[in-house]
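# Observations on chain architecture
Listed below are the residues making up each chain.
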Amino acid sequence: MTDPTVPAEHPWRRYVAIGDSFTEGMVDTDPRHEGRFIGWADRLAAELAGRTGGEELHYANLAIRGRKLDDVVGRQLDEAMTMAPDLVSIVGGGNDILRPRVDLDAIAARLEEAVARIRATGADVLLATPTDPRGAGLFSALRTRHAVHTANLYTIASRHGAHVLGLWGMQSMRDPRMWGEDRIHPSTEGHQRLTQAALAALGLGAREGWDERLPAAPPVTAAQRRAERARWAVSYAGPWVQRRLTGRSSGDSVTAKIGRPTPFGPQNLPTD
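All of these numbers come straight from a predicted model, not from anything done at the bench. (Residues numbered from 1 in each chain as written. Predicted model: local features only at pLDDT ≥ 70, side-chain atom pairs only at ≥ 80, totals over all residues. Heavy atoms only, no water.)

## What about the overall build of the protein?
Assigned secondary structure in the protein consists of 8 helices and 6 strands. Element order for the protein, N to C, with α for helix and β for strand: β-α-α-β-α-β-α-α-β-α-β-α-α-β. Looking at the protein residue by residue over its 272 residues, the buried ones come to 47%. Here the analysis covers contacts within the protein between residues at least 6 apart in sequence; of these, 75% occur between residues at least 24 apart. Working note: accessible area of the protein is about 13600 Å², and carbon and sulfur atoms make up 53% of it. (Helix = DSSP H or I, 4+ residues; strand = E, 2+ residues; numbered from the N terminus. Buried < 20%, exposed > 50% of the residue type's maximum accessible area, 1.4 Å probe, protein only. Contact = heavy atoms within 4.5 Å. Areas by Shrake-Rupley, 256 points an atom, 1.4 Å probe, with all protein chains shown as cover.)

Next comes the structure, spelled out in structure tokens:
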């Protein structure tokens, strides 16, 4: 009988993550390096490294904030395929979906081509759905787009035997405390929960209670909510709009944080 307290081993030894800010790890700050983030993919790699039966796990993270799908399934994927991965997480399209006009069918077609290309090598693929933005203020307007994109991702996964990290159904991620001050990227706790969700999606043992709701938060007054909305608009919404108007991206001067497969494990994460 399998001992549930013993982490399940797996066949993967070369994991490459591609994507945008979600996979780069914003806003899960790395205290060891100014301007650098950790995130669910790094945390997943560290977990996988502890389940190899003593072999090394090599890991690369090519994701860069602000990148659209063309870069993720173009340049990043081309680079990833030169690394002979046996597991690729591919999360892209979120920045495209935020644009005023978007072709969700075209996004799905590009992602399916990418998944098929990876699977043809024998490597496994991990996708991730967007969250359900119901009740998330301004972002609730994206609910229909997120729902269609989620359905497309599950369809792609079913056709090609891919795994899916299903944020859409995670009850814990509906709590604002699972998100950073920018309201777009998961907090450190959010990234930690996503790591457990990824382990579950890959068929490995996840931490007990990984999707339980947090205890109720203290009540917030209307004045506090108005002040918080004003701070968010000045600190995050305004700069985002300005970048869109000037054709700039938050990732214009950013390079991949782990640009080649590197031995990786829990020792590569900061201690709590």
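From this point, the discussion proceeds with the structure in view.
## Observations regarding the sheet that holds strand 5 (residues 163-165)
Here 6 strands make up an open sheet; going across it, the order is 5-4-3-1-2-6 and the pairing mixed. Every other strand in the sheet has two partners, leaving strand 5 and strand 6 (258-263) as the edge strands with one partner each. When the angles between neighbouring strand axes are averaged without regard to direction, this sheet yields 15°. Across 3 bridges, the pairing between strand 3 (residues 87-91) and strand 4 (residues 124-128) is parallel. (Pairing = 2+ DSSP bridges. Axes fitted to C-alpha atoms, helices over the stretch in contact; angles between N-to-C directions.)

## Some points on the pattern of salt bridges
Scanning the entire structure with this criterion turns up 16 salt bridges. Glutamate 55 is the partner of arginine 13 in a salt bridge, and the nearest nitrogen-oxygen pair spans 3.3 Å. Of the two residues, arginine 13 is situated in the segment before strand 1 (14-19) and glutamate 55 in the loop between helix 2 (39-49) and strand 2 (58-61); the sequence distance between them amounts to 42 residues. Take glutamate 55: its relative accessible area is 48%, and that puts it in the partly exposed class. A salt bridge links arginine 43 to aspartate 28; its shortest N-O distance comes to 2.9 Å. (Salt bridge = Lys/Arg side-chain N within 4 Å of Asp/Glu carboxyl O.)

## Here's the deal with the nonpolar core
Core analysis: the largest hydrophobic core is formed by 33 residues, its most contacted members being Tyr15, Trp40, Leu44, Leu48 and Leu165. The element that contributes the greatest number of residues to this core is helix 2, accounting for 7 residues. Among all residues touching leucine 165, those that are not within four sequence positions of it are Trp40, Leu126, Leu127, Ala128, Thr129, Met170, Leu194, Ala197, Ala198 and Ala201. Ranked by size, the runner-up nonpolar core spans 28 residues in total, among them Ile90, Leu104, Ala108 and Ile118. (Core = buried A, V, L, I, M, F, W, Y, C linked by side-chain atoms within 4.5 Å.)

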